[in-house]
Amino acid sequence: MPVLRPLHSGWTLRAPSPDAPVPAAVPAAVPGCVHTDLLAAGLIPDPYLDANELDLAWIGRTSWVYETTFDADETGDRVDLVAGGLDTVATVTLNGVELGRTANMHRGYRFDVREVLRPTGNRLEVRFDSAYDYAHAVRDALGERPNAYDEPFQYIRKMASNFGWDWGPTLVTAGIWQPIGLESWSVARLASVRPRVSVTDGTGRVDVHVTVERASDDPLTLTASVAGMTVQAGLAAGETETVVTVTVPDVRLWWPRGHGDAALHDLTVSLSSGDVWQRRIGFRTVELDTTADADGTAFTLVVNGTPVFVRGVNWIPDDAFVTRVDRDRYAARIGQAVDAGVNYLRVWGGGRYESDDFYDLADELGVLVGQDFLFACAAYPEEEPLGSEVAAEAREQVERLMPHPSLVMWVGNNENIWGWHDWDWQRALDGRTWGAGYYLDVLPGIVRAVDPTRPYWPGSPYSGTPGVHPNDPAHGTTHIWDVWNSHDYRHYATYRPRFLAEFGFQAPPAYATLRRAVSDDPLTPTSPGVLHHQKAGDGNGKLARGLTGHFPAPSSFDDWHWATQLNQARAISFGIVHFRSLRPLCMGTVLWQLNDNWPVTSWSAVDGDGRRKPLWFALRRVYGERLLTLQPRDGVPALIAVNDSATPWRAHVDVRRIGFTGDLHAKTTLAVDVPAGGAVTLPLPADLTTAGDAAAELIVADAGPDRAVWCFAEDVDLAYPAASTDVVVRPTADGAEVSVTARTFVRDLTLFADRLDPAATVDEQLVTLLPGESVTLRVTGGALPPADDPVWRGAPVLRSANDLIAR
């Protein structure tokens, strides 16, 4: 039986260069990276605070050496040094013998060390040369190619966002970032187990493809067991590959959230030599419906024969230092996504192939995942030394992730095919390779050969065929970035996309997050630290222009912070309800982005400290399985009910036209009957859709807990009353209950709990109240002020849209 002994203790870190401002040896954590080791030793400031990032750029341009010593009493025909991941340009030496050199963060490595080991005093050294030096050398050898940023990330197989992005810091890491250890084994080991899972007429099937590595030619027996069914097969002397098929009648299927249970089954594969491989699998089918129709080309994810509307978010690494993201942090962040109604996570191509913890949690929660291959916003060379690395990396990652039922799609790249078409790359490339061979040949070939049970799509965005523009909304997947970059968010209404894979709108992080990261005094939208934590080109200018036509220019930092956060929530809500109202023409929206990797103004719903922005609460509302919305149809508002659930939705909807004073001007009651996976549109009577005073009236549609609101003008043109509320605060064992009763019309009432204490949270935001209506907000955590403290009852803690208009 193989025995794996971790080598995670006793490591030190040093910089061979005498110019590096560090001691001769620094204690090092493995897995880990240079930055976190130096930070733990107190040798560098926190790179996430103020502009410290800029003073630490030397770390990524320096060579580093990790060293440890150990004794070895391993027995077996073979002893291997197994490195799960080395970041990135590494030379591995044991007892003065060079074992190998690596240049790919996204691969694992195995070295036979049986003849090199000593009983005592083994010295293991891993030297990491500068990623910049390597990338520049490859660039110089293969020719410069365009990308979105002035960094050489496309010339090295390393996490691209290490080099900075328009939401992230430039912190170029190095280190032993995955487990490392000694594995001793005899006779044979399971080198590769590749379960291909399928379902036909209720019967599950697993074709277990196995490759063994041998230390002898002895005959072997392979056993595969799942869901109470067991099958054995023999491998003749010297044979190294076989396939074992296990069938499971009446199998319990794995379903995505909202469609059924995410049933998982233990698959155990064992070899008579003692090696055992075990994973959880799910029985389900997945396909992409890309049927051509009168509107273009569909892009619909179909799971177990059921079309699924994707309510998605884009996922980036949750920390610039990815080794700090443990299972608990994954659980918290994915849990926030699930609690917001999300059923799909797209793992973006500038980060990493996500961890087994990430995928295990997605499997358990019934969350669908689309994984990009790691290419983003650049022209990538296809020649050596990169071409063979890409192929090896892709094969390894497809094999690693194929047991996970949550993984339903591989995507070739992020925006590179679009970039080749529209970003003036062709002239700069002058015929040089740029990645097309990867996206259209190498990667789909590997997916077909290794795991044909999942669909592959060449890029995001991509229309489905080279003859149609890659970002044509009528075909395949689409990214919408003219909204945010140049257009008002109402421009979303001009789009009719089949599947929207990226769209977003910025806002600053929570106040407590920004205040922790930035020491500016005073804190202003343009103070140095705030601007350093805004990485997007002209980001604050776009925030300001995005307010135009919706809210007046803010006169204080607190109003700027509230107005831009509210505007982000409004923009995304506007887009999502429009796109969802188009079902089944549009079958997915994937918001950019769920999370941040440090404290920053960005497009996220959850900021770098894990705090939920108002956008998160808006997302929870518009990503509900059942959506009630008022949308313009033929120039007048109509009621649209969308049902993503697996059961019919029947309800009576009370629709009223009301003045801001609460006066009722018109009303009706409509019956809605929406089939599972359907949407219905109901016209409204003219007396409801015609305002007597467009500046002071609204339409309200209520169906139980579901409410839709339609205002006849933008906030800046509305005659909001000054918000008048009665606020009662009642302390509880874990915080407080805050009951707010509206005396006037109050739109988007929001309590910022982090303004009371950085550790405090609230359960609801963006609540619209008609005169006389009440809501109870629950605040938990932190040291809260007394119930009679005036801070509870006004800005900057208690806000509404009225605050920004009515004076």
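Rules used throughout
Residues numbered from 1 in each chain as written. Predicted model: local features only at pLDDT ≥ 70, side-chain atom pairs only at ≥ 80, totals over all residues. Heavy atoms only, no water. Pairing = 2+ DSSP bridges. Helix = DSSP H or I, 4+ residues; strand = E, 2+ residues; numbered from the N terminus. Expected span 1.5 Å × (residues − 1). Buried < 20%, exposed > 50% of the residue type's maximum accessible area, 1.4 Å probe, protein only. Contact = heavy atoms within 4.5 Å. 1 Å grid on protein atoms, 1.4 Å probe; cavity = no way out; pocket = protein on both sides within 12 Å on 5 of 7 lines; lining within 4 Å. Points joined across faces, edges and corners; volume = space filled by probe spheres on them. Nonpolar A, V, L, I, M, F, W, Y, C, P; charged D, E, K, R; others polar. Axes fitted to C-alpha atoms, helices over the stretch in contact; angles between N-to-C directions. Salt bridge = Lys/Arg side-chain N within 4 Å of Asp/Glu carboxyl O. Left-handed = near helix turned anticlockwise from the far one by under 90°. Parallel < 35°, antiparallel > 145°, perpendicular 65-115°, else oblique. Phe/Tyr/Trp six-rings, centres within 6.5 Å; stacked < 30°, edge-to-face > 60°. Lys NZ or Arg CZ within 6 Å of the ring centre and 35° of its normal. Core = buried A, V, L, I, M, F, W, Y, C linked by side-chain atoms within 4.5 Å. Right-handed = clockwise from strand over helix to strand, strands pointing away.

1. Quick word on the pairing of strand β37 (residues 649-659)
Note that β37 and strand β38 (residues 664-674) share ten bridges and pair antiparallel. Pairing of Val-653 across the sheet is with Leu-670, part of β38. The pairing of β37 with strand β40 (residues 697-703) spans six bridges and is classified as antiparallel. Note that in β40 the partner of Arg-656 across the bridge is Val-700.

2. So, helix α9 (residues 436-450)
Along its 15 residues, α9 runs 21 Å from first to last C-alpha, staying within 8% of the 21 Å computed at 1.5 Å per residue. For α9, the full list of buried residues reads Tyr-438, Tyr-439, Leu-443, Pro-444, Ile-446, Val-447 and Val-450. Buried residues in α9 make contact with β15 (188-200), α6 (386-401), β30 (407-411), α7 (416-422) and β31 (456-457).

3. Describing empty space enclosed by the protein
One pass over the structure, following the stated rule, counts six cavities of 30 Å³ or more. Its volume calculated, the largest cavity comes out at about 90 Å³. Lining the largest cavity are 14 residues, and of these Tyr-344, Met-409, Val-411, Phe-499 and Ala-501 sit closest to its centre. Counting only elements with at least two residues in the lining of the largest cavity, the list comes to β28 (344-347), β29 (368-372) and β30. For the lining of the largest cavity, the class distribution of residues is eight nonpolar, four polar and two charged.

4. Some details on the sheet that holds strand β26 (residues 306-308)
With antiparallel pairing, three strands are arranged side by side in an open sheet as β22-β25-β26. Of all strands in the sheet, those with a lone pairing partner are β22 (286-289) and β26, marking the two edges. When the angles between neighbouring strand axes are averaged without regard to direction, this sheet yields 35°. Two elements, β22 and strand β25 (residues 300-303), share four bridges in a ladder whose sense is antiparallel. What sits directly across from Leu-288, in β25, is Leu-301.

5. Things to note about the pattern of salt bridges
Here the structure, examined in full by the defined rule, presents 59 salt bridges. For the salt bridge of Arg-778 with Asp-763, the shortest nitrogen-to-oxygen distance reads 3.9 Å. Here the residue Arg-778 occupies a position in strand β47 (residues 774-780), and Asp-763 occupies one in the loop between β45 (761-762) and β46 (767-769), the gap between them amounting to 15 residues. Three or more residues joined by partner-sharing salt bridges are found here, namely Arg-78, Asp-80, Arg-110, Asp-112, Glu-183, Arg-189 and Glu-213.

6. Considering the packing of α6 against α9
Across the interface, α6 lies against α9 with an axial gap of 10 Å and an inter-helix angle of 35°. Considering the relative orientation of α6 and α9, their crossing is right-handed. Counting all contacts with α6, which are made through Leu-386, Gly-387, Val-390, Ala-391, Ala-394, Arg-395, Val-398 and Glu-399, the residues of α9 involved are Tyr-438, Val-442, Leu-443, Ile-446, Val-447 and Val-450. A per-class count over the contact of α6 with α9 returns eleven nonpolar, one polar and two charged.

7. Considering the sheet that holds β45
For sheets, the rule is that strands pair by backbone hydrogen bonds, running either parallel or antiparallel. Taken in spatial order, the four strands line up as β42-β43-β47-β45 in an open sheet, and their pairing is antiparallel. Each edge of the sheet is formed by a strand with only one pairing partner; in this case those strands are β42 (725-732) and β45. By the bridge criterion, two bridges tie β45 to β47 in an arrangement that is antiparallel. Across the sheet, the residue bridging to Val-762 is Val-779, located in β47.

8. A few points about the packing of helix α4 (residues 327-339) against helix α5 (residues 356-365)
At a closest axis distance of 9 Å, the pairing of α4 and α5 adopts a crossing angle of 40°. Between α4 and α5, the angle is such that the two are oblique. Remark: the crossing between α4 and α5 carries right-handed chirality. From α4, Arg-327, Tyr-330, Ala-331, Ile-334 and Val-338 reach across to α5, where they touch Asp-357, Phe-358, Asp-360, Leu-361, Glu-364 and Leu-365.

9. Re the packing of aromatic side chains
A complete count under the given rule lists 45 aromatic pairs for this structure. Note on Trp-418 and Trp-423: the rings are 5.5 Å apart at their centroids and 50° apart in plane angle, and the pair reads as tilted. When its relative accessible area of 30% is taken as the criterion, Trp-423 is described as partly exposed. Here the aromatic residues Tyr-149, Phe-153, Trp-165, Trp-167, Trp-348 and Trp-592 are joined through ring pairs into a cluster of three or more. Positioned above the aromatic ring of Phe-375, the side-chain terminus of Arg-157 is 4.5 Å from the ring centre. The ring of Trp-616 has Arg-612 lying over it, and the distance from NZ or CZ to the ring centre is 4.6 Å.

10. Thoughts on the nonpolar core
Leu-301, Phe-373 and Leu-751 are the most contacted members of the largest nonpolar core, which has 145 residues in total. For this core, the element with the most residues is helix α14 (residues 557-581), which contributes seven residues. Other than its neighbours up to four places away in sequence, Phe-373 contacts Gly-349, Tyr-353, Ala-394, Val-398, Trp-410, Val-411, Gly-412, Asn-413, Leu-443, Val-447 and Tyr-456. Grouped together as the second largest cluster of nonpolar side chains are 38 residues, Ala-83, Leu-99, Phe-111 and Ile-176 included.

11. What about the layout of surface pockets?
Taken as a whole, the largest pocket holds about 1,800 Å³ of empty space. Surrounding the largest pocket, 49 residues form its lining, Val-82, Gly-84, Arg-279, Asp-356 and Arg-400 being those nearest its centre. Of all the secondary structure elements, the ones that give two or more residues to the lining of the largest pocket are β1 (3-6), β5 (78-83), β9 (109-112), β14 (180-185), β15, β21 (276-281), α5 and α6. Taken together, the residues of the lining of the largest pocket break down into 23 nonpolar, twelve polar and 14 charged.

12. Notes on the pairing of β30
With five of five residues buried, β30 is to be regarded as a mostly interior element. Sheet topology note: the β29/β30 ladder contains four bridges and is parallel. Each residue of the ladder has a partner; that of Gln-371, found in β30, is Trp-410. Each parallel crossover has a hand, and the one from β29 via α6 to β30 is right-handed. Pairing between β30 and β31: two bridges, direction parallel.

13. Comments concerning the environment of Phe-712
Note on placement: Phe-712 falls in the loop between β41 (706-711) and β42. The sequence separation of Phe-712 and Ile-699 amounts to 13 residues, and the corresponding C-alpha distance is 8.3 Å. Apart from the residues within four sequence positions on either side, Phe-712 is in contact with Arg-657, Leu-688, Thr-689, Ala-691, Ala-694, Glu-697, Leu-698 and Ile-699.

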